[in-house]
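# Architecture at a glance
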Amino acid sequence: MAEEAGVGNGGSSSSRREINGAGFSSMDSLESRWVFQDEDDSEIDDEEDEDDYEDGPHLPGVDSDDEDAPDQRLIRTGPRIDSFDVEALEVPGVQRSDYEDFGIGRKIILAFQTLGVVFGDVGTSPLYTFSVMFSKAPINGNEDVIGALSLVLYTLILIPLVKYVLVVLWANDDGEGGTFALYSLICRHAKVSLLPNQLPSDARISSFRLKVPSAELERSLKIKERLETSLTLKKLLLILVLAGTSMVIADGVVTPAMSVMSAVGGLKVGVDAIEQDEVVMISVAFLVILFSVQKFGTSKVGLAVGPALFIWFCSLAGIGIYNLVKYDTSVLRAFNPVHIYLYFKRNSAKAWYALGGCLLCATGSEAMFADLCYFPVQSIQFTFVFLVLPCLLLGYLGQAAYLMNNPNGTEQVFFSSIPSGVFWPIFLIANIAALIASRTMTTATFSCIKQSTALGCFPRLKIIHTSRKFMGQIYIPVINWFLLAVCLVVVCSISSINEIGNAYGIAELGVMMMTTVLVTIVMLLIWQINIVIVLSFVISFLGLELTFFSSVLWSVTDGSWIILVFAVIMFLIMYFWNYGSKLKYETEVKQKLSMNLMRELGCNLGTIRAPGIGLLYNELVKGVPAIFGHFLTTLPAIHSMIIFVCIKYVPVPVVPQSERFLFRRVCPKSYHIFRCIARYGYKDVRKENHQTFEQLLIESLEKFIRREAQERQLESDGDEDTDYEEDTPLSRVLIAPNGSVYSLSVPLLAEFEGSSNNPISEASTSEEMKADLPADPLISDAEHGLERELSFIRKAKESGVVYLLGHGDIRARKDSWFIKKLVINYFYAFLRKNCRRGIANLSVPHSHLMQVGMTYMV
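## Focus on the overall build of the protein chain
When helices and strands are tallied, the protein chain shows 28 helices and 13 strands. The proportion of buried residues among the 858 residues of the protein chain is 58%. Contacts spanning at least 24 positions in sequence make up 86% of the contacts within the protein chain whose residues lie at least 6 apart. Carbon and sulfur atoms make up 59% of the accessible area of the protein chain, which amounts to about 33,800 Å² in all.

Written out as structure tokens, the structure reads:
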């Protein structure tokens with residue numbers, strides 16, 4: 001059931017940008033693939049070969065409940081071909097990465113930027129790690145210092161180095177990192193997305209290439225099949241992704257609070273008169289300044305503060321070496337892991353309680369992965385291994401050496417261990433480093449929200465791209481100020497560093513555990529490595545993280561529950577948005593107009609066809625949207641050419657410009673109705689103005705029509721009988737760029753040339769065709785038909801282009817459950833009302849916009 005909401009005009013501007021390439025995988029999209037085939041089948045079913053002429057609703061990607069599958073065997077087949085995939089068969093070469101072919105000087109600059117953006121969080125952990133640890137398990141002797149130090153050293157080695165640098169960073173999605181990048185990578189290898197708008201043509205995009213290793217292949221395909229057929233597993237996977245993303249956002253709140261508070265707290269060491277209230281007020285001022293400079297972008301700020309972080313890391317190493325030499329070099333014994341066992345043996349419950357503080361040394365590990373969109377993988381790996389990790393190890397060794405002689409100085413151990421002659425310079429550098437660290441998870445939060453928005457799991461927001469060269473560097477104003485507000489609440493309500501540290505651990509461990517689970521799925525499904533290695537990874541790291549998590553949960557009542565509540569709120573926002581978007585899309589698919597109705601209306605669609613082109617925006621990738629019927633019944637006339645435009649985000653970082661548009665005819669040729677799917681990756685930005693977009697679209701349409709005419713010519717050459725039934729599918733031959741020959745047994749639109757419903761606009765040209773008839777009538781008809789249609793398009797373009805925007809809202813039926821009514825009618829409706837509307841992404845004048853609204857009952 002649908003109700004008309006109204007017609008109106010409106011418009012706004014948005015940002016769109018040129019597309020740069022990204023580094024991609026190695027397999028050509030035209031390669032053959034491995035599939036399971038039923039023993040009693042002689043052919044591989046192509047479930048997506050239906051076209052827009054099919055009557056009735058069709059929902060791609062809907063789960064099958066059939067559990068009784070026949071015996072299967074593994075075979076190798078050619079690529080699936082669909083009539084809508086022809087446009088995508090011409091795959092250009094692999095796109096270059098933003099960071100390829102940089103000289104030595106540029107790589108050094110990138111290294112400084114990496115320090116300023118990626119490593120600020122983990123770099124400032126020496127400010128508070130030992131302070132929080134020893135507040136939970138006080139020092140009872142030098143062996144406790146060595147045991148705690150050993151625990152910190154091996155936590156640094158195992159989590160940031162082994163897990164993230166050596167393993168997780170390789171699970172990036174063409175240079176993109178973070179929870180949603182992992183989900184996108186999994187979605188490209190298995191149909192696990194709950195938003196059913198995938199097309200087989202998406203797999204033809206050059207940045208959508210899938211690796212097909214031979215090892216463990218059958219196991220991988222069985223896992224893929226299980227994921228695709230189980231709705232429960234799909235929902236569980238989505239819940240894990242949303243939970244991880246909500247923890248990243250929570251991390252973006254607590255990181256600035258912890259870093260700034262711990263750095264400013266050094267004033268209590270240098271100035272005796274400073275109290276905690278003054279520390280909180282100064283921290284609030286610093287945080288306001290910090291979030292105010294986010295709009296200047298990652299490149300500018302990263303390059304400006306990169307040298308400051310370099311000085312900070314060098315200072316850490318220098319102070320560590322100084323304290324080792326001055327106090328006690330015996331702390332080097334902490335590299336023997338047996339001291340961890342002895343530490344737990346002596347302190348038992350207190351040692352377990354101190355694990356929450358120990359984890360703080362590894363905070364910022366997730367930022368290395370989430371911030372991959374800002375910098376290349378090799379730059380992050382190189383900087384961490386050869387600069388960040390050695391300086392951190394020396395810093396912790398120096399603090400432990402100081403505590404061997406000063407066991408009572410645990411409250412501000414870092415500032416207390418600084419030589420008095422350089423205290424204030426180091427204090428200044430520490431505060432600068434803390435401000436930089438606060439930006440680390442904020443930029444990671446921007447990246448994750450951008451990815452989740454593109455994949456339909458977060459309301460649309462205004463996104464500003466701060467770099468013309470690197471498209472991954474973004475700034476989201478609403479999220480920036482929202483994080484600031486929540487951060488100030490945390491600082492003012494939880495003034496204790498120990499309580500904030502516990503909240504920090506909860507947020508960090510939440511996203512770490514979700515990353516471990518998702519990377520395990522990547523290992524099984526995509527990397528297809530030995531099962532022993534996979535089990536070793538998941539058991540070791542998930543077990544370690546669960547142990548840490550049990551420690552921080554024990555202190556959740558101290559005030560860190562605020563972060564858990566915030567993470568739950570963000571999770572519900574994302575889940576409700578995804579749920580409502582899924583229902584809306586499924587309802588639009590079910591209520592689309594049938595082709596029988598379109599044929600009954602005739603080529604004039606039961607109204608007057610006025611000169612011009614109407615671009616009808618909708619979310620359907622197949623069929624005629626129901627809202628088109630409202631345009632026909634509401635408007636006195638409709639444009640002579642209609643193009644259904646679907647802006648679709650596919651789960652790849654970048655879609656090359658040459659593969660941007662897919663076209664197909666929706667009705668017989670005389671109707672002049674086309675479908676266009678404009679595909680964008682989640683790193684793509686739509687920044688060109690509407691004239692540029694229209695020009696690119698019309699050029700792609702003309703290219704499609706020429707290719708269609710060439711295919712018809714090939715068919716007519718091979719078949720003398722050109723009189724065929726309207727609904728008879730023809731077998732056509734297509735020669736792909738790699739030389740392969742494909743037989744496409746799909747209905748062709750050429751059959752409509754003989755239709756009795758000839759358009760009025762083409763009837764006037766019949767006399768021109770009869771006059772001056774060449775010797776070969778077939779070639780002449782094809783050439784004249786092509787020129788007429790191209791001329792028709794150009795004239796329609798000259799008459800003007802109007803953007804017809806269809807806004808569909810959903811309401812729960814009266815007989816729905818109360819919870820569903822609450823979610824759809826209030827929560828989802830509130831989010832849709834306050835999010836960035838689709839017209840905000842179109843920089844077109846108000847006079848070129850026309851809107852029709854519908855309400856669907858779900």
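## Remarks on helix H3 (residues 129-136)
Burial runs high along H3: seven of the eight residues are buried. Among all positions of H3, only Thr129, Phe130, Ser131, Val132, Met133, Phe134 and Lys136 are buried.

## What to know about a nonpolar patch on the surface
On the surface, a nonpolar cluster with roughly 570 Å² of combined accessible area is contributed by Phe818, Ile819, Leu822, Tyr826 and Phe827. Examined against the element boundaries, Leu822 turns out to sit in helix H28 (residues 818-834).

## As for the pattern of salt bridges
If you walk through the whole model with that rule in mind, you get 13 salt bridges. Here Arg188 makes a salt bridge to Asp173, at a shortest N to O gap of 2.4 Å. Here the residue Arg188 occupies a position in helix H5 (residues 179-189), and Asp173 occupies one in the loop between helix H4 (142-165) and H5, the gap between them amounting to 15 residues. For Asp173, a relative accessible area of 0% gives the class buried.

## Examining unusual backbone geometry
Here Ser348, not a glycine, exhibits a phi torsion of approximately 45 degrees, which is positive. Mapped onto the elements of the fold, Ser348 is located in the loop between helix H11 (338-347) and helix H12 (349-353). Exposure remark for Ser348: the relative accessible area of 47% places this residue in the partly exposed category. Phi at Gln528 is positive, roughly 55 degrees, even though this residue is not glycine. Within the secondary structure, Gln528 sits in the loop between helix H19 (497-527) and helix H20 (531-553).

## Quick notes on the nonpolar core
Grouped together as the largest cluster of nonpolar side chains are 169 residues, with contacts concentrated most on Phe119, Phe130, Met133, Leu149, Trp312, Phe313 and Phe414. Counting residues per element, this core draws most heavily on H19, at 19 residues. Phe119 has contacts with Thr114, Phe313, Met368, Ile380, Thr383, Phe384 and Val388, leaving out every residue within four places of it along the chain. Counting residues in hydrophobic clusters, the runner-up holds 35 residues, among them Ile642, Leu804, Ile824 and Val858.

## Things to note about the confidence of the model for the protein chain
With 72% of its residues at a pLDDT of at least 70, the protein chain reaches an overall mean of 75. Confidence over residues 719-775 falls short of pLDDT 50; this stretch has 81 contacts with residues more than four positions distant or in other chains.

## A closer look at the state of the cysteines
Considering all chains together, one arrives at zero disulfides under this definition. Left without a disulfide partner, Cys361 is nearest to the cysteine sulfur of Cys358, which lies 4.7 Å away. The class for Cys361 is buried, based on a relative accessible area of 0%.

## Considerations on the packing of aromatic side chains
Scanning the model with the defined rule gives 28 aromatic pairs in all. Centroid distance Phe130 to Phe134: 5.5 Å. Interplanar angle 25 degrees. Geometry classified as stacked. Of this pair, Phe130 and Phe134 are both found in helix H3, four residues apart, which corresponds to roughly one turn of the helix. Owing to a relative accessible area of 1%, Phe130 belongs among the buried residues under this scheme. Judged by relative accessible area, which is 4%, Phe134 ranks as buried. An aromatic cluster of at least three residues, connected via ring pairs, comprises Trp312, Phe414, Phe415, Phe423, Trp424 and Phe427. The aromatic ring of Tyr353 is capped on one face by Lys136, whose charged end is 5.4 Å from the ring centroid. Lying across the ring of Tyr680, Arg660 places its NZ or CZ 4.2 Å from the centre.

## What to know about the side chain of Asn172
Position of Asn172 among the secondary structure elements: in the loop between H4 and H5. Judged by its relative accessible area of 18%, Asn172 is buried. There is a polar contact of 2.8 Å between the side chain of Asn172 and the backbone oxygen of Leu169. The residues touching Asn172, leaving out its near neighbours within four places in the chain, are Leu185, Phe369, Leu372 and Val377.

## With respect to the environment of Ala181
Along the polypeptide, Ala181 turns up in helix H5. Placed 271 residues apart in sequence, Ala181 and Ser452 show a C-alpha to C-alpha distance of 8.8 Å.

## So, the pairing of strand E8 (residues 661-665)
Within E8, five of the five residues are buried, leaving the element largely enclosed by the surrounding structure. By the alternation rule, side chains of E8 split into Phe661, Phe663 and Arg665 and Leu662 and Arg664, which are all buried. Relative to strand E9 (residues 673-680), E8 is paired through five bridges, and the arrangement is antiparallel. Paired with Arg665 across the two strands is Phe674, which belongs to E9.

## Considering the pairing of strand E6 (residues 608-617)
Within E6, seven of the ten residues are buried, which leaves the element mostly enclosed by the surrounding structure. Across eight bridges, E6 lies against strand E7 (residues 637-649) in parallel orientation. Pairing of Ile608 across the sheet is with Ala637, part of E7. Two strands pair when backbone bridges link them, and E6 and strand E12 (residues 801-811) are joined in this way by five bridges, in the parallel orientation. Residue pairing in the sheet places Leu615 in a bridge with Tyr803 of E12.

## Focus: the packing of helix H17 (residues 423-454) against helix H18 (residues 477-493)
As a packed pair, H17 and H18 sit with axes 10 Å apart at the nearest point and diverge in direction by 135 degrees. Comparing their axes, H18 and H17 come out oblique. For H17 against H18, the interelement crossing comes out right-handed. Across the interface between the two elements, Thr442, Thr445, Phe446 and Ile449 of H17 pack against Ile479, Asn480 and Leu483 of H18. When its residues are assigned to classes, the contact of H17 with H18 shows four nonpolar, three polar and no charged.

## Here we look at the side chain of Thr515
Locating Thr515 in the fold gives a position in helix H19. Setting aside chain neighbours within four positions, we find Thr515 in contact with Tyr164, Val168, Leu182, Glu366 and Phe369.

## Quick notes on the packing of H5 against helix H7 (residues 231-264)
With their axes 9 Å apart at the nearest point, H5 and H7 run at an angle of 160 degrees to one another. The orientation of H5 with respect to H7, classified from their angle, is roughly antiparallel. Residues Thr179, Phe180, Tyr183 and Ile186 of H5 lie in contact with H7, whose contacting residues are Leu237, Leu238, Val241, Leu242, Gly244, Thr245 and Val248. Of the residues belonging to the contact of H5 with H7, the class tally is eight nonpolar, three polar and no charged.

## A word on helix H23 (residues 626-634)
Of all nine residues that make up H23, seven are buried, and the element is covered over most of its length. Residues of H23 that are buried include every one of Ala626, Ile627, Phe628, Gly629, His630, Phe631 and Leu632, and no others.

## With respect to the environment of Leu387
With respect to the helices, strands and loops of the structure, Leu387 is situated in helix H15 (residues 377-405). Not counting chain neighbours up to four residues away, the residues in contact with Leu387 comprise Leu115, Phe310 and Phe382.

## A closer look at the environment of Ile824
Position of Ile824 relative to the elements: it lies in helix H28. Along the backbone, Ile824 and Arg811 are 13 residues apart, and their C-alpha atoms lie at a distance of 6.2 Å. For Ile824, the residues in contact, after removing those within four places along its chain, are Tyr579, Gly580, Leu583, Ile810, Arg811, Ala812, Ala829 and Val858.

Quick notes on the rules
Residues numbered from 1 in each chain as written. Predicted model: local features only at pLDDT ≥ 70, side-chain atom pairs only at ≥ 80, totals over all residues. Heavy atoms only, no water. Helix = DSSP H or I, 4+ residues; strand = E, 2+ residues; numbered from the N terminus. Buried < 20%, exposed > 50% of the residue type's maximum accessible area, 1.4 Å probe, protein only. Contact = heavy atoms within 4.5 Å. Areas by Shrake-Rupley, 256 points an atom, 1.4 Å probe, with all protein chains shown as cover. Patch = residues over 30% accessible without salt bridge, like charges linked within 9 Å, V, L, I, M, F, W, Y side chains within 5 Å. Salt bridge = Lys/Arg side-chain N within 4 Å of Asp/Glu carboxyl O. Core = buried A, V, L, I, M, F, W, Y, C linked by side-chain atoms within 4.5 Å. pLDDT = per-residue confidence, 0-100. Disulfide = S-S within 2.5 Å. Phe/Tyr/Trp six-rings, centres within 6.5 Å; stacked < 30°, edge-to-face > 60°. Lys NZ or Arg CZ within 6 Å of the ring centre and 35° of its normal. Polar contact = N/O pair within 3.5 Å; in protein donor to acceptor, adjacent residues only side chain to side chain. Pairing = 2+ DSSP bridges. Axes fitted to C-alpha atoms, helices over the stretch in contact; angles between N-to-C directions. Parallel < 35°, antiparallel > 145°, perpendicular 65-115°, else oblique. Left-handed = near helix turned anticlockwise from the far one by under 90°. Nonpolar A, V, L, I, M, F, W, Y, C, P; charged D, E, K, R; others polar.

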